[in-house]
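# Structural description and commentary
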Amino acid sequence: MERVVGWSTVAVIVAVTVLWLLLVQVTSCSDAAPGHATSSCETAPVLGVAGSWIAGSVGAVVVALAVWQIVRAARSAEPVDG
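## As for the overall build of the protein
When you go through the protein residue by residue, the secondary structure sums to two helices and two strands. Helices (α) and strands (β) of the protein occur, in sequence order from the N terminus, as α-β-β-α. For 82 residues, the compact-globule estimate of 2.2 N^0.38 gives 12 Å, and the C-alpha radius of gyration of the protein, at 22 Å, exceeds that figure by more than 25%. Structurally, the protein occupies a C-alpha span of about 85 × 15 × 10 Å along its principal axes. Per-residue burial over the protein gives 16% buried out of 82 residues.

Okay, here's the thing in structure tokens:
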């Protein structure tokens, strides 16, 4: 049962961390000289688009692996009726 708790902890920590990395945005603004143009602002993910895809993919694989290990550990802990 300790393995189930350990893998559950891994799954939750990875999922929360990856979601935070994917949802947090940064904004950068560039001000134009007065009377010459307009100011502009851009919003992007903290890791950038490519980094977000990589973090999301790796996070999904780690969570899937953790769920698989949880299922294996839970099945091996069940008593066998014979």
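Having seen it, we continue.
## Some words on helix H2 (residues 48–77)
Across its 30 residues, H2 extends 43 Å between first and last C-alpha, which sits within 8% of the 44 Å expected from 1.5 Å per residue. Taken residue by residue, H2 has Gly 51, Ser 52, Ala 55, Gly 59, Ala 66, Gln 69, Ile 70 and Ala 73 as its buried positions. The elements touched by buried residues of H2 are helix H1 (2–23) and strand E2 (40–45).

## Considerations on the state of the cysteines
In total, this model carries one disulfide according to the counting rule given. Two residues share a disulfide in this structure: Cys 29 and Cys 41, whose sulfurs sit 2.0 Å from each other. Measuring handedness by torsion sign, the sulfur bridge of Cys 29 and Cys 41 sits at about 110 degrees and is right-handed. Here Cys 41 lies in strand E2 and Cys 29 lies in strand E1 (residues 25–30), a separation of twelve residues in the sequence.

## Focus: the confidence of the model for the protein
Scored by pLDDT, the protein comes out at a mean of 89, with 94% of its residues at no less than 70. For the protein, the element scoring lowest by mean pLDDT is E1, at 89; H1 scores highest, at 94.

## Some details on the packing of H1 against H2
Taken N-terminus to C-terminus, the directions of H1 and H2 make an angle of 165 degrees; their axes are 9 Å apart at the nearest point. The orientation of H1 relative to H2 falls into the category roughly antiparallel. Crossing handedness for the pair H1 and H2: left-handed. Contacts from Arg 3, Val 4, Trp 7, Ser 8, Val 10, Ala 11, Val 14, Ala 15, Val 18 and Leu 22 of H1 reach H2 at Ser 52, Ala 55, Gly 56, Gly 59, Val 62, Val 63, Leu 65, Ala 66, Gln 69, Ile 70, Ala 73 and Ala 74. Residues of the contact of H1 with H2, tallied by class, amount to 16 nonpolar, five polar and one charged.

Rules behind the numbers
Residues numbered from 1 in each chain as written. Predicted model: local features only at pLDDT ≥ 70, side-chain atom pairs only at ≥ 80, totals over all residues. Heavy atoms only, no water. Helix = DSSP H or I, 4+ residues; strand = E, 2+ residues; numbered from the N terminus. Rg over C-alpha atoms; globule rule 2.2 N^0.38 Å. Buried < 20%, exposed > 50% of the residue type's maximum accessible area, 1.4 Å probe, protein only. Expected span 1.5 Å × (residues − 1). Contact = heavy atoms within 4.5 Å. Disulfide = S-S within 2.5 Å. pLDDT = per-residue confidence, 0-100. Axes fitted to C-alpha atoms, helices over the stretch in contact; angles between N-to-C directions. Parallel < 35°, antiparallel > 145°, perpendicular 65-115°, else oblique. Left-handed = near helix turned anticlockwise from the far one by under 90°. Nonpolar A, V, L, I, M, F, W, Y, C, P; charged D, E, K, R; others polar.

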